[in-house]
Protein chains: 2
Amino acid sequence: MEASASVDRYMDVQGHMGRADLNAVLYPGAVAVVGASLSFGKWGQLILTNIIAGGFEGKIFPVHPKKSSLCGLKAYKKVTDIPQHVDVAFVTVPAAVVTSVVEDCGKKGVKGVVVISSGFSEVGAEGAELERKIVGICRHYGMALVGPNTMGIISPYAKLFATGAHTRPRAGGVAFVSQSGNLGNQLVHWASHQGIGISQFVGSGNEAMLGCAEYLEFLEQDDRARIIMLYMENVGQGRTFLEAARRVNRKKPVIVLKGGRTSAGKAAAASHTGSMGGEYPIFRAACRQAGILSVDAPAELLDLSAGFSSLPLPKGDRVGIVTLGGGWGVVTADTCNEKGLRVPPIPDSIIKRLNKYLPPFWSKGNPVDLVGTRDTEVPVVAVEELLKTDRIDAVISLGIIGRTELVRLLVDSTRRSDPDASQEELDEIVSFVDSYEEEYIATMVDLMERYEKPVIGVSLTRSDKGTVRSVEGKRYSGVFYQTPETAVNVLARMVQYWK
Amino acid sequence: MEASASVDRYMDVQGHMGRADLNAVLYPGAVAVVGASLSFGKWGQLILTNIIAGGFEGKIFPVHPKKSSLCGLKAYKKVTDIPQHVDVAFVTVPAAVVTSVVEDCGKKGVKGVVVISSGFSEVGAEGAELERKIVGICRHYGMALVGPNTMGIISPYAKLFATGAHTRPRAGGVAFVSQSGNLGNQLVHWASHQGIGISQFVGSGNEAMLGCAEYLEFLEQDDRARIIMLYMENVGQGRTFLEAARRVNRKKPVIVLKGGRTSAGKAAAASHTGSMGGEYPIFRAACRQAGILSVDAPAELLDLSAGFSSLPLPKGDRVGIVTLGGGWGVVTADTCNEKGLRVPPIPDSIIKRLNKYLPPFWSKGNPVDLVGTRDTEVPVVAVEELLKTDRIDAVISLGIIGRTELVRLLVDSTRRSDPDASQEELDEIVSFVDSYEEEYIATMVDLMERYEKPVIGVSLTRSDKGTVRSVEGKRYSGVFYQTPETAVNVLARMVQYWK
């Protein structure tokens, strides 16, 4: 395997990009797609159709050497032919042609270029030489350069979806920068399924000009980003990155997944991004010292995104557990202890209060086992009692949301087996559980706002409605993970950040 | 909290139940539901409607003190009034009445009783006394007793679904015994969503007569069960259990989730099943010595169920990785190393073979990065090459199945943005990706049968089609986890079992 050039060597010529440049890339009024195409699956088609179908409200200029229009839009032969101002150009033409396109962009006064094309430093010395030329041109004209070899960017607040994957998460508080395009795209796709709101996604690609440190600096200033997720294989100038991350992390959580932690991963990363790696234990220790959370699995980035962006931070490690079944309470308590969280006894006053609602043999302790109660009031009372006491910092509530799915199954069975069952009553039950679910979520969000403590839900079933359930006009959102271990892990990480 | 009586004290009066007794419970020709009801959500309604709607093909006899029919079935006042033979009775009447019902069952010659009713040893000394009486009656008549305080049983091969949760997994190879009813029910529900086939589910409840050791002995002999999952809070007579588990585990994997591993979990378990716990490190060490896998999270039981029941066992720890994107390959390689699996270099002959299919800058190593190829042949070639070589024991393949979802999104965007796109061509693409997915799964199953090595898929998207994708008439099934960390963990556990 040919050793590909490290992108590190460009770092020394990096200036600090001003905010304005990336602002133009992420919140443009007008975009050009150079290499725009109608061939299904080509990059020029992927980017153009995604921008259009995603509902971008600014101007879109396809650039094509021959066609006069694409997708009903007037097309131009060159960027310099476009009669109006262009903020950002997406470039999908073959590597050899990219330099002249970028030169055109510079002449035209474009503020930033997103170079999707591959064939640069990731493929060897020749590509690295091309990459250097592009950086030179961008610096000459003062243009921001994203990539090359990026899968694109997503900016939901600008309704700008410009990646190969046509997934469109809602606008929210999670910024995501990924050196791997397809890992990034896939995570954004999961985020979209889970209802997690994204502020920006940037596939940083080869990071010829802008690296994670620069994106961090931008996101530090952008209030739309409330939590920042990074996937990195190449840390570049480690000290610069860590300094930026430490500073930003004081304002908003910075969470890092490092690829290339092991010898097998490093070998894979070397052939992927040309990253030379470095020793992971040192990186992890540096992160820990700087208070930056590091995770080992992509899904954990998503889990933490949901929690950090939707819940108040806990101010301690004492967990109250409310469960609809004993076994789940046991498993959750075990996992809390194993993750360093405490499950302390609860005051007698709470036990007395709950005695009014529950059969005499209820658990009378923490976890609060609601013993399969069908009462709709007591789960709320139990959560609120735990939030009220200053002996509990956070609540994990298991099984309320998921229960509605099982009720639906039961209604279905009843219809099929009992010919005399009242269809009206059964309809009422279904509509009751549906509205109860929404009401319960709204109540949990209200409680979080009142007590400024997190309530983490565990649905125990797979919901099509996603992990994050937002409530109109509220600061916090309901979060319902499928498993207790996920809920406990997220809470433990939030406690770690709070510390 | 009142200390509830430990069920351990009954263990010494336990005889070894013969196979016949549990056979009658799990594969009955005729069942009675005592306490049958039409009140929505009552246990007598839950069990009766589930048995009917689940499609049980044997006879069903509701027992009700007044009604002459329920759900269109003739009802009887007492079990002894039923004119035909009854194999098993489900008992849902209040605890105080259970003794007389069980006595009736004995007189009638019923082979086994499943006592759903609660209010026994789990609520204190009085309940424990009642429980002792029931055990005495069952022993007197030679009846098997499941429970009391069980959430019921499921026996998909008998089309018998008799739990409170109306979830109905397909018949398959995973047996599941759970001391917690609702944890068990929920896991069966997940299994059903994930396409995991269940051979039996038993909520063992208070285990007054039959405990995990006895169920293990039964499942050892039942060929329908190919892998056995246990959730235990109370290990009972630890030595008896471990001896049974060790013996059975040599024939089929026994996997244990122990509740009450920590002080918080133990406290919760004490109030849940009255379990006194014991020291988890000792239990875990004993399991390890006996070769029994123990896990810490409910979801892991499911993950392992899917893998162990669907894939050939790996005969070594050397993993080949095939990925559609570099980042995912890096993350997977890292996780393999962290879980003790090797990702060795691959022979030059494979690299030469793949050179014919891939662009010159492909990874040329393990992970095999297919660089986002759209070729449909090369992913299969890559997997087969890795299966062929004796330097690789198992393959993890990332991204093929999930990709189809992204293609559908792209087709949708194209329809919306390009007025001139050929609708026919787009329809063809969709039907192609749909059939390609099924074809790919069938090919993977064929390859597993030919090479007797596991191929673990990672879909990277959430599929409605579940984790396990079975192929008509095949010994193995396709398994597609959503994340690489799950795939790697399952593989690592399979290697651990193989050792």
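Engineer: Explain the interface of chain B and chain A to me, please; I cannot follow it from the model alone.
Structural biologist: Reports of interface size often rely on the accessible area that becomes lost once the parts have come together. Opposite the 84 residues of chain B that make contact, chain A presents 84 residues. Interface area for chain B against chain A, summed over the two sides, is near 6,700 Å², with a carbon-plus-sulfur share of 60%. At the boundary of chain B and chain A, one finds 4 salt bridges. A salt bridge links D334 of chain A to R261 of chain B; the nearest nitrogen and oxygen atoms lie 4.0 Å apart.

Engineer: Help me understand the relation of the copies chain B and chain A, please; the structure alone is not making it clear to me.
Structural biologist: Two copies of a chain can be linked by a rotation about an axis combined with a shift along that same axis. Between the two copies, chain B and chain A, the superposition gives an RMSD of 0.0 Å; the rotation angle is 180° and the shift along the axis is 0.0 Å. The superposition of one copy onto the other is thereby described by a two-fold rotation axis. Here 100% of the interface residues in chain B have copies in chain A that are interface residues too; the copies meet face to matching face.

Engineer: Would you take a moment to explain the environment of T163 of chain B for this structure?
Structural biologist: All names here are of chain B. Tracing the sequence through the fold places T163 in strand β9 (residues 160-163). A relative accessible area of 0% means that T163 is categorised as buried. A polar contact of 2.8 Å, which involves the side chain of T163, links it to the backbone oxygen of A165.

Engineer: Would you mind showing me how to read the domain arrangement of chain A here?
Structural biologist: Residues and elements named next belong to chain A. Each assigned domain of chain A is listed here: domain 1 (11-309) and domain 2 (313-498). Computed from C-alpha atoms alone, the centre-to-centre distance between domain 1 and domain 2 is 39 Å. Across the contact, 20 residues belong to domain 1 and 14 residues belong to domain 2. Carbon and sulfur atoms supply 56% of the area buried between domain 1 and domain 2, which totals about 1,300 Å² over both sides. Connecting domain 1 to domain 2 are 1 salt bridge. Across the pair R493 and E300 runs a salt bridge whose closest N-O atoms are separated by 3.6 Å. Our count for the domain 1 to domain 2 interface comes out at 7 residue pairs in polar contact (both at pLDDT 80 or more). For the side of domain 1 that touches domain 2, the element with the highest residue contribution is helix α11 (residues 298-310), accounting for 6 residues. Of the residues assigned to the side of domain 1 that touches domain 2, the class counts are 7 nonpolar, 7 polar and 6 charged.

Engineer: For this particular structure, what's the right way to read the sheet that holds strand β17 (residues 394-398) of chain B?
Structural biologist: Either a parallel or an antiparallel arrangement is found when strands of a sheet pair, and the pairing is made through backbone hydrogen bonds. All names here are of chain B. Pairing is mixed across the open sheet formed by 6 strands, whose spatial order is β16-β15-β17-β18-β20-β19. Each of the sheet's edge strands pairs with one partner strand only, and the pair in question is β16 (368-369) and β19 (468-469). Where strand β18 (residues 455-458) lies against strand β20 (residues 478-481), 2 bridges are found, and the strand directions are parallel. The partner of V458 across the bridge, within β20, is Y481.

Engineer: Which parts of the structure should I look at to understand the pattern of salt bridges?
Structural biologist: Close approach of charged atoms allows side chains of opposite charge to pair. As enumerated under the stated definition, the model contains 48 salt bridges over all chains in all. Across the pair R224 of chain A and D222 of chain A runs a salt bridge, and its minimum N-O distance is 3.2 Å. Judged by relative accessible area, which is 33%, R224 of chain A ranks as partly exposed. Counted as one network, the salt bridges with shared partners bring together R261 and D296 of chain A together with D334 and E338 of chain B.

Engineer: Sorry if this is basic, but what is going on with the packing of aromatic side chains here?
Structural biologist: Aromatic ring pairs are defined here through the distance separating the ring centres and the angle between the ring planes. A full pass over the atoms with the stated rule returns 16 aromatic pairs over all chains. An angle of 45° between the planes, with centres 5.8 Å apart, marks the rings of F176 of chain B and F201 of chain B as tilted. One end of the pair, F176 of chain B, is in strand β10 (residues 171-178); the other, F201 of chain B, is in strand β11 (residues 198-203), with 25 residues separating them in the sequence. With respect to class, F176 of chain B is no different from F201 of chain B; both count as buried. Following the ring pairs from residue to residue traces out a cluster consisting of F241, Y280 and F283 of chain A. Here R224 of chain A stacks its cationic end above the ring of Y27 of chain A, 3.9 Å away from the centre of that ring. The aromatic ring of Y280 of chain B is capped on one face by R261 of chain B, whose charged end is 5.9 Å from the ring centroid.

Engineer: Looking at this structure, I do not really get the pairing of strand β12 (residues 227-232) of chain A. What am I missing?
Structural biologist: Along any regular strand, the residues point their side chains to alternate faces of the sheet. All names here are of chain A. Judged by how many residues are buried, β12 sits mostly within the fold: 6 of 6 residues are covered. Residues of β12 alternate between two faces, with I227, M229 and Y231 on one and I228, L230 and M232 on the opposite face, all of them buried. Taken together, the 5 bridges between strand β10 (residues 171-178) and β12 define a ladder with parallel strand orientation. Within the sheet, the bridge partner assigned to V174 lies in β12 and is I227. Handedness of the crossover joining β12 and strand β13 (residues 254-258) through helix α8 (residues 238-251) is recorded here as right-handed.

Engineer: How do you make sense of the sheet that holds strand β2 (residues 59-63) of chain B when you look at a structure like this?
Structural biologist: Residues and elements named next belong to chain B. If you trace the 5 strands from one edge of the open sheet to the other, you get β2-β1-β5-β6-β7, paired in parallel fashion. Edge strands, defined here as strands with exactly one partner in the open sheet, are β2 and β7 (144-146). Averaged over all pairs of adjacent strands, the angle between their axes in this sheet comes to 20°, without regard to strand direction. The pairing of strand β1 (residues 30-34) with β2 spans 5 bridges and is parallel. Opposite A30, over in β2, you have K59 as the bridge partner.

Engineer: What's the story with the side chain of T389 of chain B in this structure? I'm lost.
Structural biologist: Residue and element names in this part refer to chain B. Topologically, T389 is positioned in the loop between α14 (378-388) and β17. For T389, a relative accessible area of 10% corresponds to the buried category. Here R391 takes part through its backbone nitrogen, which lies 3.0 Å from a polar atom of the side chain of T389. Apart from residues no more than four positions distant in its own chain, T389 is found in contact with P347, I350 and K453.

Engineer: Hey, could you run me through the packing of helix α15 (residues 400-417) of chain A against helix α16 (residues 423-451) of chain A in this one?
Structural biologist: Helices that pack against each other are described as a pair by the angle of their axes relative to one another and the distance between those axes. Residues and elements named next belong to chain A. Between α15 and α16, the shortest axis-to-axis distance is 10 Å and the interhelical angle comes to 170°. Relative to α16, the element α15 is oriented roughly antiparallel. On the side of α15, the interface is formed by I400, I401, R403, T404, V407, R408, V411, T414 and R415, while α16 contributes Q423, L426, D427, I429, V430, V433, D434, Y436, E437, Y440 and I441. In terms of residue class, the contact of α15 with α16 is built from 11 nonpolar, 3 polar and 6 charged.

Engineer: Teacher, can you tell me more about the confidence of the model for chain A here?
Structural biologist: Should pLDDT be low for a region, the predicted coordinates there are not to be read in detail. Residue and element names in this part refer to chain A. Of all residues in chain A, 95% attain a pLDDT of 70 or more, and the chain-wide mean is 91. Here residues 1-19 is a poorly scored stretch, pLDDT under 50, and it has 39 contacts once near neighbours within four places are set aside; other chains count. In the model output, the complex is listed with pTM 0.92 alongside ipTM 0.91.

What counts and how
Residues numbered from 1 in each chain as written. Chains lettered and ligands numbered in written order. Predicted model: local features only at pLDDT ≥ 70, side-chain atom pairs only at ≥ 80, totals over all residues. Heavy atoms only, no water. Contact = heavy atoms within 4.5 Å. Buried area = accessible area lost by both parts, 1.4 Å probe. Salt bridge = Lys/Arg side-chain N within 4 Å of Asp/Glu carboxyl O. Least-squares fit on C-alpha atoms with pLDDT ≥ 70 in both. Helix = DSSP H or I, 4+ residues; strand = E, 2+ residues; numbered from the N terminus. Buried < 20%, exposed > 50% of the residue type's maximum accessible area, 1.4 Å probe, protein only. Polar contact = N/O pair within 3.5 Å; in protein donor to acceptor, adjacent residues only side chain to side chain. Domains from an automatic or database assignment. Nonpolar A, V, L, I, M, F, W, Y, C, P; charged D, E, K, R; others polar. Pairing = 2+ DSSP bridges. Phe/Tyr/Trp six-rings, centres within 6.5 Å; stacked < 30°, edge-to-face > 60°. Lys NZ or Arg CZ within 6 Å of the ring centre and 35° of its normal. Right-handed = clockwise from strand over helix to strand, strands pointing away. Axes fitted to C-alpha atoms, helices over the stretch in contact; angles between N-to-C directions. Parallel < 35°, antiparallel > 145°, perpendicular 65-115°, else oblique. pLDDT = per-residue confidence, 0-100.

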